[in-house]
Amino acid sequence: ADTQRDRAARRAQVSRAVRIDKAMQPTDAKTAATLDKVRAGLAKRYRRERRFKMFGALSAIIGLLFVVVLFASIISNGYTAFWQTKIQLDINFAQDLIDPDGTGDPAVIGSANYDKLVRAALAELFPEVSGRRDRRSLNRLLSSGAGFRLREMVLEDPALIGTRQKLWLPADDEVDMLVKGNIDRDLPESSRRLKDQQVVWIDSLEERGLIAAAFNTGFLTSGDSREPELAGIGGAVTGSLFMLLVTLLLSFPLGVAAAVYLEEFAARNRWVDLIEVNINNLAAVPSIVFGLLGLAVFINFFGMPRSAPLVGGLVLTLMTLPTIIIAARASIKAVPPSVREAALGVGASQMQTVFHHVIPLALPGMLTGAIIGMARALGESAPLLMIGMVAFIVEIPQTPLEPSTALPVQIYLWADSPERAFVERTSAAIIVLLAFLLLMNAAAIWMRKKFERRW
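Given the structure is predicted, the values throughout are model-derived calculations rather than measurements. (Residues numbered from 1 in each chain as written. Predicted model: local features only at pLDDT ≥ 70, side-chain atom pairs only at ≥ 80, totals over all residues. Heavy atoms only, no water.)

Asks: Could you give an account of the packing of helix α12 (residues 287-301) against helix α13 (residues 309-333), naming the residues involved and the relevant values?
Replies: Direction vectors running N to C along α12 and α13 enclose 130°, while the axes themselves pass 9 Å from each other. Judged on the interaxial angle alone, α13 and α12 are oblique. Of the two possible hands of crossing, α12 and α13 adopt the one that is right-handed. Here α12 contributes S287, F290, G291, L293, G294, F298 and I299 to the contact with α13, which in turn contributes V311, L314, V315, L318 and M319. Of the residues in the contact of α12 with α13, the class split is nine nonpolar, three polar and no charged. (Axes fitted to C-alpha atoms, helices over the stretch in contact; angles between N-to-C directions. Helix = DSSP H or I, 4+ residues; strand = E, 2+ residues; numbered from the N terminus. Parallel < 35°, antiparallel > 145°, perpendicular 65-115°, else oblique. Left-handed = near helix turned anticlockwise from the far one by under 90°. Contact = heavy atoms within 4.5 Å. Nonpolar A, V, L, I, M, F, W, Y, C, P; charged D, E, K, R; others polar.)

Next comes the structure, spelled out in structure tokens:
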């Protein structure tokens, strides 16, 4: 009986194990199939992530290469503009030609024929040159502004009259291009503006050490000119600085005041929402629209002078104001509510809380936004063209009310000139503009790193 019971128990265990195995077998197969699908999906996702990272890195590298190519092209074309070819001449400041009566009258001194002094000095270097046409070709080696340089020197120091001075005077732009290697000497004479005889004279001056390249200070200090060798960005830089000063004095206080009111004092209603929507929309309006607005309001309606840095500053104020308001509001929002609650908890009024605690903590972000807005304004040219700042301005402005131009507009004017020397100066002006922009952005980054607080 015990044996039969044991056999029956074993048969029951075997039957139960078979049933359990049959019950578990489909589940294990489904689990294995599910795991295989999960593994395949993970591998596919990991491959997609690697491809995405690779494409992102490739895009960054391509963008960096484009920037490098752009900067290399601009610098290679423009760095030579900071050097100017000059010719040394022994100038005889003859009194009988400059001040024959010896009165020292500035009007008489200023009306003298200084070009004749330059031509006489050149003739002494090449006494073998004869004939009207040859002498004219020889005189073209020097810039047409050489006589004006002598006139300025004598007016500043009348003691030069009656003396001989060895002076370095600017060469013509074609001579400058030849010396710098921008004109191929092997080209036929009909394919270049310099004649073969002029090239021979230039080589003779180089052998005698009377022609050399010097740092072109006039490019940074002079105004615009029809002659490339005399053209400079001093007037454009001064006009840009006047405009940025006007823009900063107007846009920063107004932008901060508007941001403080909207964030701290304004009630939440549909009018405030409408103002916020309009501010955000104005930040995306094309800059030329602000130029049209300035032309219609400031010039046509108020009768303000055209081509004045004051008008340009007002137009740029309208353009940068939305950007400064948005940046200032973001800085105010970044101040923790606990600062306000603590100030109010010790008895400070809302005005004291805002001006003594919130604004000082948000000021670094506000200044950063203002600098970025100023950098954008510095590079704008479209609104300035609409208010007449495209005029040819030779004199450097002394006040924001005098006619002026701006650095981007100056670049636009030079880029439209056919002379090769103006191409060089266009690239050099772009280098100066980029240097200002990089300096302003670096200042914004430095201020953010130095004064930013992490909560």
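Asks: Run through unusual backbone geometry, naming residues and quoting values.
Replies: If you check the backbone angles, S307 has positive phi at about 60° while not being a glycine. Position of S307 among the secondary structure elements: in the loop between α12 and α13.

Asks: Which residues make up the side chain of S331, and what values do they have?
Replies: Its place among the elements puts S331 in helix α13. Residue classification places S331 among the buried residues on the basis of a relative accessible area of 13%. Not counting chain neighbours up to four residues away, the residues in contact with S331 comprise A362, G365 and M366. (Buried < 20%, exposed > 50% of the residue type's maximum accessible area, 1.4 Å probe, protein only.)

Asks: Can you explain the packing of aromatic side chains? Please cite residues and give values.
Replies: Counting across every chain of the model gives six aromatic pairs. Ring geometry for F126 versus W201: centroids 6.2 Å apart, planes at 50°, classification tilted. Separated by 75 residues along the polypeptide, F126 in the loop between α4 (114-125) and α5 (132-139) and W201 in helix α8 (residues 196-207) bring together distant segments of the chain. Relative accessible area serves as the criterion here: at 3%, F126 is assigned to the buried category. Ring pairing ties together the aromatic residues F82, F219, W414 and F422, which thus form one cluster. Between the NZ or CZ atom of R208 and the centre of the ring of F126, over which it lies, the distance is 4.9 Å. Sitting over the ring of F392, R226 keeps its end group 3.9 Å from the ring centre. (Phe/Tyr/Trp six-rings, centres within 6.5 Å; stacked < 30°, edge-to-face > 60°. Lys NZ or Arg CZ within 6 Å of the ring centre and 35° of its normal.)

Asks: Describe a nonpolar patch on the surface, naming the residues involved and giving the relevant values.
Replies: On the surface, L64, V67, V68, L70, F71, I75, Y79 and L438 cluster together into a nonpolar patch covering about 750 Å² of accessible area. Of the residues forming the nonpolar patch, the biggest block, six residues, is contributed by helix α1 (residues 2-78). Turning to its location among the elements, V68 is positioned in helix α1. Taking relative accessible area as the criterion, V68 reaches 49% and is therefore assigned partly exposed. (Patch = residues over 30% accessible without salt bridge, like charges linked within 9 Å, V, L, I, M, F, W, Y side chains within 5 Å. Areas by Shrake-Rupley, 256 points an atom, 1.4 Å probe, with all protein chains shown as cover. Salt bridge = Lys/Arg side-chain N within 4 Å of Asp/Glu carboxyl O.)

Asks: Quick one: what's the story with helix α11 (residues 270-282), residue by residue and with numbers?
Replies: For α11, built from 13 residues, the straight-helix expectation of 18 Å at 1.5 Å per residue is met to within 8% by its first-to-last C-alpha distance of 18 Å. Restricting attention to buried positions, one finds in α11 the residues V272, E276 and I279. Projected down its long axis, α11 carries its buried residues within an arc of 60°, all on one side. Every exposed residue of α11 that faces more than 90 degrees away from the buried side is listed here: R270 and W271. Close packing links the buried residues of α11 with α10 (234-265) and α13. Capping of α11 at its N-terminal end is provided by N269; its side-chain oxygen lies 3.1 Å from the backbone amide nitrogen of W271. (Expected span 1.5 Å × (residues − 1). Arc of directions from axis to C-beta. Polar contact = N/O pair within 3.5 Å; in protein donor to acceptor, adjacent residues only side chain to side chain.)

Asks: Please set out the sheet that holds strand β2 (residues 164-170) residue by residue, giving values where relevant.
Replies: Here three strands make up an open sheet; going across it, the order is β2-β1-β3 and the pairing antiparallel. What marks the edges here is a single partner per strand, and that holds for β2 and β3 (211-215). Strand-to-strand twist across the sheet, computed as the mean angle between neighbouring axes with direction ignored, equals 40°. Relative to β3, strand β1 (residues 83-92) runs antiparallel, the two being bridged by five bridges. Within the sheet, the bridge partner assigned to T85 lies in β3 and is A213. The sheet contacts of α4 involve β1 and β2, and relative to β1 the element is tilted by about 90°. (Pairing = 2+ DSSP bridges.)

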